[in-house]
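Chain and residue survey
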Amino acid sequence: MEYTIEVYLVLLAAGFLAGIINTLAGNGSILTITALSVAAGLPVGMANGTNRVGVTFQVLVGLRTFLKSGKTNFKGVWKIAIPTILGSVLGAYAAVEVGKSNEIWLSRVIGGVMVFMLFLVLNNPKKWIEEDKNRKELALPWLILIFLAVGFYGGFIQAGVGVIMLVVLMSATSYELTNANAIKLLLTLLLNIPAFAIFIWSGQIEWIAGLTLSVAQMIGAMWAAKFAIGHPKANYWIQAILIGIILIAIVRFLGIYDFLS
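In short, a report on the structure.

Rules used throughout
Residues numbered from 1 in each chain as written. Predicted model: local features only at pLDDT ≥ 70, side-chain atom pairs only at ≥ 80, totals over all residues. Heavy atoms only, no water. Phe/Tyr/Trp six-rings, centres within 6.5 Å; stacked < 30°, edge-to-face > 60°. Buried < 20%, exposed > 50% of the residue type's maximum accessible area, 1.4 Å probe, protein only. Axes fitted to C-alpha atoms, helices over the stretch in contact; angles between N-to-C directions. Helix = DSSP H or I, 4+ residues; strand = E, 2+ residues; numbered from the N terminus. Parallel < 35°, antiparallel > 145°, perpendicular 65-115°, else oblique. Left-handed = near helix turned anticlockwise from the far one by under 90°. Contact = heavy atoms within 4.5 Å. Nonpolar A, V, L, I, M, F, W, Y, C, P; charged D, E, K, R; others polar. Expected span 1.5 Å × (residues − 1). Core = buried A, V, L, I, M, F, W, Y, C linked by side-chain atoms within 4.5 Å.

**Considerations on the packing of aromatic side chains**
Evaluated as defined, the whole model comprises 2 aromatic pairs. Between the aromatic rings of Tyr3 and Tyr8, the centroid separation amounts to 5.8 Å while the plane-to-plane angle is 90°, which identifies the pairing as edge-to-face. Relative accessible area serves as the criterion here: at 13%, Tyr3 is assigned to the buried category.

Here it is as structure tokens:
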């Protein structure tokens, strides 16, 4: 497909901001999917698939930056990685089969999930900022079920999965916030690979738009990862951004803006 310079600029701007938001919190796919569907004119299903191109490259860059810092700990992550991947495969197949007629219903479900995520974040805000070595994680059967569901959601639609994953990691595991962010990126990469392959196989990738987003998302992810590692008050900023993103998602997916207007 051929795009105007204006469309490329919109894709680059959306990709850069999404790279930052996805690395520090999540839900940056709201920007990229909107840019792909509105500015680039792609159908919703194609936009959902194309969005995975930028997400994959962005996560690789952000994760590499975290790993180079030597401040990450992936001990025991396999317990949640395996069900996340399995759920992603199921979710991606479901996304290919679901028609646009379910889009409004799906938006309301996502909005409801975000309301619950906001409750979890505000319920005990100190645990997001202060490291608590005594914080216990849920029993393994519960972790498997929870991350199977998270993987299904991430495979089905990328939007919001970073927020959900970060909240679940801080609520159900013993990882502190900066490390949870790195694990969130690893899990996002793992769940996105099989989903990405399925979207490619189904012909739901528009490569020019996807690669344009990727360039900007990688730059944004690199900057955000360095900020999360090096800034002395990064946890405070991440928590604030996370709450802001959740509130925006609630307004967007529950149709509150449309109701008020």
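**With respect to the packing of helix α6 (residues 140–156) against helix α8 (residues 177–201)**
Interaxial distance between α6 and α8 falls to 9 Å at its minimum, and their mutual angle equals 45°. Here α6 is positioned oblique relative to α8, judged by the angle of their axes. In terms of crossing hand, the pair formed by α6 and α8 is right-handed. Only Leu187, Leu191, Ala195 and Phe199 of α8 make contact with α6, whose side of the interface consists of Phe147, Gly154 and Gly155. A class-by-class count of the residues in the contact of α6 with α8 yields 5 nonpolar, 2 polar and no charged.

**Comments concerning the side chain of Thr65**
Relative to the assigned elements, Thr65 resides in helix α3 (residues 44–69). If near-sequence neighbours (up to four positions away) are discounted, Thr65 is found in contact with Met222, Ala225, Lys226 and Ile229.

**With respect to the environment of Leu145**
Here Leu145 lies in helix α6. Counting along the chain gives 61 residues from Leu145 to Thr84, while the straight-line C-alpha distance between them is 9.3 Å.

**Remarks on α6**
The end-to-end C-alpha distance of α6, which contains 17 residues, comes to 24 Å, matching closely the 24 Å that a straight helix rising 1.5 Å per residue would cover. Among the residues making up α6, those that are buried are Leu143, Phe147, Val150, Gly151, Tyr153, Gly154, Gly155 and Phe156.

**A look at the nonpolar core**
The biggest cluster of nonpolar side chains holds 59 residues, and the ones touching the most others in it are Ile80, Leu169 and Leu187. Residue contacts for Ile80: discarding those within four places in its chain leaves Leu143, Phe147, Leu169, Ile183 and Leu187. Residues Tyr3, Val7, Ala14 and Ala209 belong to the second largest nonpolar core, which totals 12 residues.

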